[in-house]
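# Architecture and fold: a report
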Amino acid sequence: MDFSKLYRPSALNSFQFIALTGLLMSAGAHLILYFFVGHIPTGFNWLYVCWIGFYIFGTLINLFGKPGDGHHHHH
């Protein structure tokens, strides 16, 4: 099992990449809301749970998916 698929950017699949991007963007929005608005909307923290779940889903696909399941054409 190649655990570099958890952290190496070139080894991440689309689900992992989207989850990490969403996590970083949510954290940025959280900081902006906290420091400049002074109020975090109710339930905002659930975004983190969703992004982590999305990342775990992508990780399971990445680690246990068949390596030959790429886009290939049958002729």
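So, here is what we can say about the structure in this document.

Of regular secondary structure, the chain possesses two helices and zero strands. Across the 75 residues that make up the chain, the buried fraction comes to 21%. When the accessible surface of the chain is split by element, carbon and sulfur atoms take 72% of a total near 6000 Å².

Here we come to the environment of His30. The residue His30 is located in helix H1 (residues 14–37) in this model. Each C-alpha atom, one on His30 and one on Pro41, is 9.4 Å from the other, the two residues being 11 residues apart in sequence. If we ignore the near neighbours within four places in the chain, the residues touching His30 are Ile40, Phe44, Asn45 and Tyr48.

What follows is about H1. Along its 24 residues, H1 runs 32 Å from first to last C-alpha, staying within 8% of the 34 Å computed at 1.5 Å per residue. Buried residues in H1 make contact with helix H2 (46–64). With a side-chain oxygen lying 3.2 Å from the backbone nitrogen of Phe15, the N-terminal cap of H1 falls on Asn13. Among the residues trailing H1, Gly38 stands out with phi positive, at a value near 85°.

About the criteria used
Residues numbered from 1 in each chain as written. Predicted model: local features only at pLDDT ≥ 70, side-chain atom pairs only at ≥ 80, totals over all residues. Heavy atoms only, no water. Helix = DSSP H or I, 4+ residues; strand = E, 2+ residues; numbered from the N terminus. Buried < 20%, exposed > 50% of the residue type's maximum accessible area, 1.4 Å probe, protein only. Areas by Shrake-Rupley, 256 points an atom, 1.4 Å probe, with all protein chains shown as cover. Contact = heavy atoms within 4.5 Å. Expected span 1.5 Å × (residues − 1). Polar contact = N/O pair within 3.5 Å; in protein donor to acceptor, adjacent residues only side chain to side chain.

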